[in-house]
Amino acid sequence: MTPLFERALKGEATERFPVWMMRQAGRYLPGYRAIRAKTPFLELCRTPELAAEVTLEPIELFDMDAAIVFADILLTADAMGVEVAFPNGGPKIQSPVRTEADVERVHDPDPSWMTSVAETVRILRRELPAEKALIGFSAAPFTLCAYMVEGGTSRDFWQTRAFAHANPAAFRRLLEKVADALVPYLQAQVEAGAGVLQLFDTWAGMADASLYRTAVLPAIERVLAGLGPDRVPVILFAGIGCSHRLELAAGTGVEGVSLDWATNLADAYARVGDRVRLQGNLDPTVLLSSPEHIQAEMDAMLGQVPAGKTHLVNLGHGVLKETPPEHVAVFAKAAQTFRPEALTS
Ligand code: CP3
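What counts as what
Residues numbered from 1 in each chain as written. Predicted model: local features only at pLDDT ≥ 70, side-chain atom pairs only at ≥ 80, totals over all residues. Heavy atoms only, no water. Salt bridge = Lys/Arg side-chain N within 4 Å of Asp/Glu carboxyl O. Helix = DSSP H or I, 4+ residues; strand = E, 2+ residues; numbered from the N terminus. Buried < 20%, exposed > 50% of the residue type's maximum accessible area, 1.4 Å probe, protein only. 1 Å grid on protein atoms, 1.4 Å probe; cavity = no way out; pocket = protein on both sides within 12 Å on 5 of 7 lines; lining within 4 Å. Points joined across faces, edges and corners; volume = space filled by probe spheres on them. Nonpolar A, V, L, I, M, F, W, Y, C, P; charged D, E, K, R; others polar. Axes fitted to C-alpha atoms, helices over the stretch in contact; angles between N-to-C directions. Parallel < 35°, antiparallel > 145°, perpendicular 65-115°, else oblique. Left-handed = near helix turned anticlockwise from the far one by under 90°. Contact = heavy atoms within 4.5 Å. Near = heavy atom within 4 Å. Polar contact = N/O pair within 3.5 Å; in protein donor to acceptor, adjacent residues only side chain to side chain. Areas by Shrake-Rupley, 256 points an atom, 1.4 Å probe, with all protein chains shown as cover. Pairing = 2+ DSSP bridges. Right-handed = clockwise from strand over helix to strand, strands pointing away. Core = buried A, V, L, I, M, F, W, Y, C linked by side-chain atoms within 4.5 Å. Phe/Tyr/Trp six-rings, centres within 6.5 Å; stacked < 30°, edge-to-face > 60°. Lys NZ or Arg CZ within 6 Å of the ring centre and 35° of its normal.

S.K.: Account for the pattern of salt bridges, with residues named and values stated.
M.R.: Summed over the entire model, instances satisfying the criterion amount to 12 salt bridges. Salt-bridge contacts for Lys309 lead to Asp274; the nearest nitrogen and oxygen are separated by 2.5 Å. Here Asp274 lies in the loop between helix H13 (265-272) and strand S8 (277-282) and Lys309 lies in the loop between helix H14 (291-303) and strand S9 (312-315), a separation of 35 residues in the sequence. Look at Asp274 and you get exposed, because its relative accessible area is 64%. Here the salt bridges share partners, and the residues they tie into one network are Glu176, Asp180 and Arg222.

S.K.: Describe the layout of surface pockets, and please don't skip the residues or the numbers.
M.R.: Taken as a whole, the largest pocket encloses approximately 1,100 Å³ of empty space. Along the wall of the largest pocket there are 38 residues; nearest its centre are Arg23, Arg27, Asp72, His317 and Gly318. Elements supplying a minimum of two residues to the lining of the largest pocket: helix H2 (30-38), strand S3 (90-93) and helix H8 (141-150). By residue class, the composition of the lining of the largest pocket is 21 nonpolar, 10 polar and 7 charged.

S.K.: Give a description of the packing of H2 against helix H4 (residues 48-62) that names residues and reports values.
M.R.: Look at H2 against H4: their axes get within 9 Å of each other, and the N-to-C directions meet at 160 degrees. In terms of axis orientation, H2 runs roughly antiparallel to H4. You can see that H2 and H4 cross each other, and the crossing is left-handed. Touching Pro30, Gly31, Tyr32 and Ile35 of H2 are Leu50, Glu53, Val54 and Glu57, all from H4. A class-by-class count of the residues in the contact of H2 with H4 yields 5 nonpolar, 1 polar and 2 charged.

S.K.: I'd love a proper account of the site of the ligand, names of residues and values included.
M.R.: The environment of the ligand is formed by 25 residues, the closest being Arg27, Tyr32, Arg36, Asp72 and His317. Note that an oxygen atom of the ligand is positioned 2.7 Å from one of the side-chain N or O atoms of Arg36. A distance of 2.7 Å is found between an oxygen atom of the ligand and a side-chain nitrogen or oxygen belonging to Thr202. Contact with the protein chains hides 91% of the accessible area of the ligand, taken as 870 Å² for the molecule alone.

S.K.: Break down the packing of H4 against helix H7 (residues 112-127) for me, with residues and values.
M.R.: Where H4 meets H7, the axes come as close as 8 Å, and the angle between the chain directions of the two elements is 50 degrees. Regarding the angle of H4 to H7, the classification is oblique. Note that H4 runs across H7; the crossing there is right-handed. Where H4 abuts H7, its residues Pro48, Glu49, Ala51, Ala52, Thr55 and Leu56 lie against Ser116, Glu119, Thr120, Ile123, Leu124 and Glu127. By residue class, the composition of the contact of H4 with H7 is 6 nonpolar, 3 polar and 3 charged.

S.K.: Would you mind going over the pairing of S9 in detail, with residue names and values included?
M.R.: Here S9 shows a buried face lined by Leu312 and Asn314 and a second buried face lined by Val313 and Leu315. Direction of pairing for S8 relative to S9: parallel, over a ladder of 4 bridges. Bridged to Asn281 within S9 is Asn314. For the crossover that starts at S8, traverses H14 and ends in the parallel S9, the hand is right-handed.

S.K.: Summarise the environment of Val328; cite the residues concerned and give the values.
M.R.: Relative to the elements of secondary structure, Val328 occurs in helix H15 (residues 325-337). Counting along the chain gives 284 residues from Val328 to Leu44, while the straight-line C-alpha distance between them is 23 Å. Apart from the residues within four sequence positions on either side, Val328 is in contact with Met21, Tyr28, Phe62, Met64, Leu287, Val319 and Thr323.

S.K.: I'd like a rundown of the nonpolar core, residues and numbers included.
M.R.: Among the nonpolar cores identified, the biggest contains 136 residues, and Phe5, Val257, Met298 and Phe331 are the most heavily contacted of them. By residue number, the principal contributor to this core is helix H10 (residues 168-192), which donates 13 residues.

S.K.: Give a detailed account of the packing of aromatic side chains, specifying residues and quantitative values.
M.R.: Enumeration over the complete set of coordinates arrives at 11 aromatic pairs. Ring centres of Phe137 and Phe200 lie 5.6 Å apart, and the angle between their planes is 90 degrees; on these two criteria the pair is classed as edge-to-face. Placement of Phe137 in strand S4 (residues 133-139) and of Phe200 in strand S5 (residues 196-200) is noted, with a sequence separation of 63 residues between them. The same class applies to Phe137 and to Phe200, which are both buried. Centre to centre, the rings of Phe163 and Phe171 are 6.1 Å apart; their planes meet at 85 degrees, and the pair counts as edge-to-face. Residue Phe171 is classed as buried on the basis of its relative accessible area of 1%. By the ring-pair criterion, three or more aromatic residues cluster together here, those being Tyr32, Phe41, Phe70 and Phe86. In this structure, Arg245 is placed above the aromatic ring of Tyr212, and the distance from its NZ or CZ to the ring centre is 4.3 Å.

Function cannot be inferred from these measures alone, as they are strictly geometric.
Encoded structure:
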C-alpha cells in the first residue's frame with residue numbers, strides 16, 4: 001500500500017489532503033520533554049530506540065499522515081569535523097568555518113553518523129502502519145554551510161554572506177563538500193525505509209539573488225544529481241522569505257516545494273501549475289491562538305487551493321515549543337476533515 005502522503009506527492013488525486021508538521025516531534029510534547037529531561041539532545045538523536053519513540057509520539061497523538069525521522073540537520077556538520085553542541089537548546093559551533101584553511105579542514109564525514117539515523121529509520125518503518133509515510137531529511141547545502149560559517153543561529157547570517165563574497169571559491173568548495181556528503185546520508189535513509197526525502201533550506205532567503213542562482217541552487221541540484229534518476233520523491237523547504245523564489249525552487253526538479261507563510265496558496269499554485277506539488281504554509285503562531293481561530297485560518301488556507309490540486313498540509317516553518325498540543329489536534333483534524341472541492345461537487 002502506498003501511503004496517502006506519497007500518493008499526493010506523486011500528484012495523484014487523493015480522497016483528502018495529507019497533513020504533518022515540521023518539527024512535529026519536539027518540546028511542545030510532554031512525552032518528548034520527559035525523555036529530554038533524562039537524555040541530552042545529541043544523545044537522543046543518536047539512540048535509535050529513543051529517537052524512534054519520539055518520532056512516533058505525534059503520529060499516535062494526532063494521526064499525522066507522515067512521520068519524519070528524529071535527528072538534526074547539524075549531525076552532518078559534526079560528522080565532518082565541525083563540532084556542534086547544544087548548550088542551552090540552540091546550536092553552538094566552537095570553531096566555525098571562516099577561512100580557506102578552515103574549508104580544507106572540513107573532511108569527508110565519519111560514516112558512523114549515518115548508521116544510527118539509518119537504524120532509527122529501520123525501526124520506524126517496522127513500527128509505522130503501512131499507510132503512514134516516513135520522511136528522511138537533511139539540510140540543503142547552503143543552510144548547513146550557513147551554520148558552519150556562522151557558528152550558530154543568527155538574525156541575518158552576515159558572516160556567511162561576507163564569506164561568500166570575500167571568498168567565493170572557498171565558499172563554493174564548502175557547498176560542494178557538503179552536497180557530496182549529504183548524498184550517501186540521504187541514500188542510507190532511503191535504503192533503511194524512508195519513502196520521501198525533505199531538504200531544509202531554512203536560511204536560503206539570506207542569499208542575494210546572484211548568490212542564490214550561482215551557488216545555492218547549483219548545490220541543491222548537485223545533491224539531486226547525486227541521488228540519481230531513480231530517487232524517491234524530494235521536497236525542498238525553500239526557506240524563510242523565499243516565496244519570491246518559488247519558480248526557481250521548483251526548477252531544481254524536486255517533486256514538492258514547502259513554502260513559508262508569506263504566500264497565498266492560490267497565487268503559489270497559479271505560479272507553478274503542475275510542475276510541483278506544494279506544501280505548507282500556516283503561520284506557526286496561529287497555533288498559539290484559539291481553536292476557533294485555528295479552524296478559521298485553516299478553512300481560509302485550504303480554501304485557497306485550486307480545485308483539482310492535492311495540497312500537502314503543513315506549517316510555514318517548524319511548530320513552536322510554546323504550542324499547546326490540543327491546538328495541534330485542531331490543526332490536524334481541520335486538514336483531515338477538509339473535503340477538496342473536486343471531490344464534494
Ligand atoms: O521535524 C521533526 O520533528 C524531526 C526532527 C528535526 C529536528 N531538527 C529536531 C530538533 C528536524 C527535521 C530538524 C531540522 C533542523 N534543525 C532545521 C531545519 C528546519 C528548521 O526548523 O528550520 C534546523 C535549522 C536545525 C538546527 C537546529 N536544531 C536549531 C536551530 C535548533 C535549536 C532551536 C530550536 O528551534 O529548538 C535545533 C535543536 C532541535 N532540533 C530541537 C529539536 C526537537 C530542540 C532541542 C531540544 O530538545 O532542546
